[in-house]
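# Secondary and tertiary structure notes
Listed below are the residues making up each chain.
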Amino acid sequence: MVNRLVVFVLLFLYCQLLIGQELTSSRNRFRYEIQSHSKRIKVDGLHDSDEWEEFDMIHELYNHNPIDKGLSTKETRIKMTYNHQMLFIGAWIYDNGDRVVQSLQRDSDNAHWNSDSFSVVIDPINSKQHGVLFGVNAGGAEIDGTLSVESSQTLYSETWDEKWYSAVGHYKDHWFVEIAIPFNSLRYTKDNDQWGINFIRTDKTANFYYTWTEFPVNFNAIDLNYMGTLSWSKPPEVKAKRFFVKPYVTGIYNEGRVEGASVDTDLEIGGDVKVPITRSLYADLSINPDFSNADVDQEIVNISRFDISLPERRDFFLENNDVFSNFGNENIRPFFSRRIGLANGERVPIVYGGKLTGNLGKNLRVGLMDIRTASTETMGAVQNTIGSFHYRVLKRSSIKGLYINRNILDESGSDRDSRNLGGEFSFISDNGKLNNVVMFHTSQTKGLPSGHFLGMEGSYSSRGFGAGWVFNQVNDSFRADLGFVPRTFVYNAEEGRLIRQGYTQINPWMKFTFFPKSGVLNTHSIRTWHHIYYFNRNPNERQYNLAYDAFFKNTGSFTVSLNHSDIDLMYPTNFLGENYDNLPADNYTHWRTNLSYNSDIRRRLSYALGINMGTFYNGNRLIVTSSTNLRFGYWANFGISYDMNNIDLPKNYGKTLLHLIRFNGSISFSNKLFLNSAVQYNSFNRNFSIFSKLQWRFSPLSDIFLIYNQNNETDDFTLSHRALMIKVTYRFGI
């Protein structure tokens, strides 16, 4: 019976793959023949003149989400042209005059995707592997980012920043947006006259997304595979190479109270240089990089046996980061850039960093990064070298390679030189429904045995059904000093030491999605996922999960889930500190239930509520989460959230009530001047923090930042650190 089921599933997936191969490519079906324009269009949001009259028009968009059939009932008109410097896009977005604008913040998901907005996604190389996004909401707030493919889904990162222009004009029955993108802000090859392109309209008043091309809702609107074609009679001229220089000056006032009072001031100078090697290959050099303007990390309560990762926020590591980081999977990352600049949990200054990223031809994408950190009292200077390549094979698949070398120039302490080498084959079907990646990575550390990691991850996704699988096998000796592999370290609280050990993980999942034709729901789904971990070939931990999700037409959502865990705790463990006894090694069974609700985000006042309750090892745990956001027009958002953790273990194993409170405020004085603030109180980490950043983008890619940061102990609110910084950056070409 099992063998027949396996054969049936394989035949079903193969038939779906064949069906997908026969579909007409959206790049052939949707084409725009762009015409040149001798004059430069004035980007002012006004269309009273005849500057757009002579160009072909896209006059209809398709429904994409939550319905992926039929034409949009709201009209959208789009035109394009270009001159020797720029690509111009004009869009007339018709409505009844009601428009949702959450914020004027730049590069904000909330300001863009939760507002009425217009976006263009472009694949200039036409490889279906990488691209860029430009977008403007109805208030004029801009967003730009890079597109990359992970599994078969297109993801984007808004951290990429380039020079371009936009303007928005408002009229009674529509709003009008003009976009101008300089060709020296795009990476393309001179012989390619066919670019991938698509347009996305976010209609938040109706909670709909519309796209130029027609494709299934189970793929993001920004999907690289389902773009149309921007056809050039003559590709844009490749401009002469220019250096782009972005120096910075930062004035810093620091006050510390950890070990006695200390006050110091400093003036730091550095800069970034961008050198175009070709139109699709760039080199970046950062000297004495300064990351003071990076947003503060969000406080968390981590009561688990393993580390968790926080997102990278430093500008130098973010642009084209996927060429280095898109290896491994969610559970095992051979390279994680936040490891650079850390030593024994402390931050280490970076002396310089160099990076080369881009395309060598249509099929080969490369990355090379070299970063040197300063020496500390416990460790010498470290040279970090990372190299990678992504080579496209078949139509959408790729062969990828990664090399990491961490070299301690003046060795001290117990750290050693280490190297990682890995290769992966990622298969994606033409229609994107079926994907699978096979990966093998090795590690070599001076004086230690070599290690390896073998993995496989894949999924099948259709409009209403999805299934996936993950397999990871890590041996005891695998190390990733510049990566993130949390489960290879297990802490023995009785002996006070970390134990390195390998494991095997199996993670199957399945999801069914339903699309009601009427009622209050856009979609609802049932999903199940399971994690099984083996240590020394014996099942050590088993997690079984079942969830129901409902997404309402008014942008609200509801989730209920049930979790069962069975854990063989291998070593005595302490979750809450040395004031409590260590939880003994034994078998523990958990049953937990989670309920969550998010209200209509379009309203002036929105909120979210959640409760997670059930057993926790040999006791109980209750988690309550709540948040509310108050919006004043498009100029201000003020939010507050409260997370409560009530842990009740028997005897003296742990009984405590933990609180996490966050306040977030954002004020948009214009679409160039923003104030963002965060106040956080975490009783688990015993930290109270204040972070406030005023940013003025006075010129493209040029900013003035005024930043205040403060940390206090929560016991008596004694000041531990305070800093005030002003940073000025300015980018210019040579």
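Definitions and limits used
- Residues numbered from 1 in each chain as written.
- Predicted model: local features only at pLDDT ≥ 70, side-chain atom pairs only at ≥ 80, totals over all residues.
- Heavy atoms only, no water.
- Helix = DSSP H or I, 4+ residues; strand = E, 2+ residues; numbered from the N terminus.
- Buried < 20%, exposed > 50% of the residue type's maximum accessible area, 1.4 Å probe, protein only.
- Areas by Shrake-Rupley, 256 points an atom, 1.4 Å probe, with all protein chains shown as cover.
- Lys, Arg positive; Asp, Glu negative; His and termini not counted.
- Charge placed at Lys NZ, Arg CZ, Asp CG, Glu CD.
- Patch = residues over 30% accessible without salt bridge, like charges linked within 9 Å, V, L, I, M, F, W, Y side chains within 5 Å.
- Salt bridge = Lys/Arg side-chain N within 4 Å of Asp/Glu carboxyl O.
- pLDDT = per-residue confidence, 0-100.
- Contact = heavy atoms within 4.5 Å.
- Core = buried A, V, L, I, M, F, W, Y, C linked by side-chain atoms within 4.5 Å.
- 1 Å grid on protein atoms, 1.4 Å probe; cavity = no way out; pocket = protein on both sides within 12 Å on 5 of 7 lines; lining within 4 Å.
- Points joined across faces, edges and corners; volume = space filled by probe spheres on them.
- Nonpolar A, V, L, I, M, F, W, Y, C, P; charged D, E, K, R; others polar.

## Here's the deal with the overall build of the chain
- Scanning the chain for helices and strands turns up five helices and 43 strands.
- Projected onto its principal axes, the C-alpha positions of the chain cover 80 × 70 × 50 Å.
- The burial tally for the chain puts 52% of its 734 residues in the buried class.
- With an accessible surface of roughly 33400 Å², the chain has 55% of that area assigned to carbon and sulfur atoms.
- Charge-centre separation for the chain: the mean point of 75 positive side chains lies 4 Å from the mean point of 77 negative side chains.

## Regarding a nonpolar patch on the surface
- Taken together, the side chains of Phe243, Tyr253, Val263, Trp696, Phe698, Leu706, Leu724, Ile726, Val728, Tyr730, Phe732 and Ile734 make up a nonpolar region of the molecular surface, amounting to roughly 1100 Å² of accessible area.
- At the level of elements, β40 (687-699) and β42 (719-729) are the ones that each hand at least two residues to the nonpolar patch.
- Considering each element in turn, the nonpolar patch owes the most residues, three residues, to β42.
- Take Tyr253: it is sitting in strand β15 (residues 244-256).
- Judged by relative accessible area, which is 31%, Tyr253 ranks as partly exposed.

## Section: the pattern of salt bridges
- Under the criterion given, the structure shown has 37 salt bridges.
- Here Glu541 makes a salt bridge to Arg487, at a shortest N to O gap of 3.3 Å. With a gap of 54 residues between them, Glu541 in strand β32 (residues 538-552) and Arg487 in the loop between β27 (465-474) and β28 (489-492) connect regions that are remote in the sequence. Arg487 shares its class with Glu541; the two are buried.

## Here we look at the confidence of the model for the chain
- Averaged over the chain, the pLDDT score is 91; the fraction of residues at 70 or greater is 94%.
- Between residues 1-23, whose pLDDT stays under 50, and residues either more than four places distant or in other chains, the model counts 10 contacts.

## What to know about the nonpolar core
- In this structure, Ile89, Phe118, Ile122, Phe134 and Phe199 are the most contacted members of the largest nonpolar core, which totals 48 residues.
- With eight residues, strand β5 (residues 86-94) is the single largest residue contributor to this core.
- Not counting residues up to four positions away in its chain, the partners in contact with Ile122 are Leu87, Gly131, Val132, Phe134, Ile181, Trp195, Gly196, Ile197 and Met227.
- Counting 14 residues, the second-largest nonpolar core is a separate cluster that includes Phe317, Ile340, Ile350 and Ile404.

## Observations concerning empty space enclosed by the protein
- Scanning all chains against the criterion turns up five cavities of 30 Å³ or more.
- Its volume calculated, the second largest cavity comes out at about 340 Å³.
- Together, 29 residues line the second largest cavity, and Val149, Asn326, His390, Ser398 and Lys400 are the ones closest to its centre.
- Ranked by the residues each element gives to the lining of the second largest cavity, the list is headed by strand β24 (residues 418-428), at four residues.
- Per-class residue counts for the lining of the second largest cavity are six nonpolar, 15 polar and eight charged.

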